[in-house]
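# Examination of the molecular architecture
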Amino acid sequence: MSTFHAVVWMDQSEAHVVMFDREHAEAQRIKSRSHHKHQGKAEDLAPFFAEVAQALSHTREVLLAGPGLVRNQFRDWAAKHHAAVAGVVVDSVAADHLTDAQLVAMARQYFKKFDNMAADPSVA
């Protein structure tokens, strides 16, 4: 599904990738195969990050969410290894575990504000 927006909730064990447009949402879960659950081991998560990046390859704006530092580690990894995905990540926000429906609702609200803020003020 090629969509404009995506939201990714991630921790060290899995990522919930939800791509959505005005009428549709498509969710995908990606499990980490890493057995290293200690903070600071982003290199152990590289295969996991690569799968998440692949899932986001046709999206134009991505919001990252999650409870810990993994979302920021993913953003840093993408900047070094997957520039196309790094270029579409608009923000990283802290969020407890949410259902996919709650995640989409949060992202829709975020992108509504983000899109309003990014609008050209000279166009009324």
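As a starting point, this report considers the structure included with it. These figures come from a predicted structure and were not determined experimentally.

## Some remarks on the overall build of the protein
A count of helices and strands for the protein gives four helices and five strands. Its helices and strands taken in sequence order, the protein reads β-β-β-α-β-α-α-β-α from the N to the C terminus. Residues classed as buried in the protein amount to 38% of the 124 residues present. Contacts in the protein between residues at least 24 apart in sequence constitute 61% of all its contacts with a sequence separation of at least 6. Within the structure as shown, the protein displays about 7,200 Å² of accessible surface, and the carbon and sulfur contribution to it stands at 53%.

## Looking at the environment of M10
Turning to its location among the elements, M10 is positioned in strand β1 (residues 5–10). A relative accessible area of 1% places M10 in the buried class. Excluding its chain neighbours within four sequence positions, the residues that come into contact with M10 are A15, F48, F49, V52, A65, G66, P67, V70, R71 and F74.

## Thoughts on the packing of aromatic side chains
Counted under the stated rule, the structure contains six aromatic pairs. Look at F48 and F49: their rings are 5.9 Å apart centre to centre, the planes differ by 35°, and that puts the pair in the tilted class. For the pair F48 and F49, a shared accessibility class is recorded, and that class is buried. Aromatic pair Y110 and F111: ring centres 5.5 Å apart, planes at 80°, arrangement edge-to-face. Cluster of aromatic residues (ring-pair linked, three or more members): F48, F49, F74 and W77.

## Focus on helix α1 (residues 46–55)
Of all the positions in α1, only F48, F49, V52, A53 and A55 are classed as buried. What you see down the axis of α1 is that its buried residues fit within an arc of 160°, all on one side. Exposed residues on α1 whose side chains face more than 90 degrees from its buried face are P47 and Q54.

## Concerning the sheet that holds β1
Taken in spatial order, the five strands of this open sheet run β3-β2-β1-β4-β5, and their pairing is mixed. Looking at which strands have only one partner, the edges of the open sheet turn out to be β3 (25–31) and β5 (89–94). The average angle at which neighbouring strand axes cross in this sheet is 15°, direction not considered. The pairing of β1 with strand β2 (residues 14–20) spans six bridges and is antiparallel. Paired with V7 across the bridge in β2 is V18.

## Some remarks on the nonpolar core
If you look at the biggest cluster of nonpolar residues, it comprises 23 residues, and the most contacted ones within it are V8, M10, V52, L56 and F74. Per element, the largest residue contribution to this core is five residues, and it comes from α1. If we ignore the near neighbours within four places in the chain, the residues touching L56 are A6, V8, V17, V62, F74 and V85. Formed by 11 residues, the second largest nonpolar core is a distinct cluster that contains V7, W9, F20 and F111.

Scoring rules and cut-offs
- Residues numbered from 1 in each chain as written.
- Predicted model: local features only at pLDDT ≥ 70, side-chain atom pairs only at ≥ 80, totals over all residues.
- Heavy atoms only, no water.
- Helix = DSSP H or I, 4+ residues; strand = E, 2+ residues; numbered from the N terminus.
- Buried < 20%, exposed > 50% of the residue type's maximum accessible area, 1.4 Å probe, protein only.
- Contact = heavy atoms within 4.5 Å.
- Areas by Shrake-Rupley, 256 points an atom, 1.4 Å probe, with all protein chains shown as cover.
- Phe/Tyr/Trp six-rings, centres within 6.5 Å; stacked < 30°, edge-to-face > 60°.
- Arc of directions from axis to C-beta.
- Pairing = 2+ DSSP bridges.
- Axes fitted to C-alpha atoms, helices over the stretch in contact; angles between N-to-C directions.
- Core = buried A, V, L, I, M, F, W, Y, C linked by side-chain atoms within 4.5 Å.

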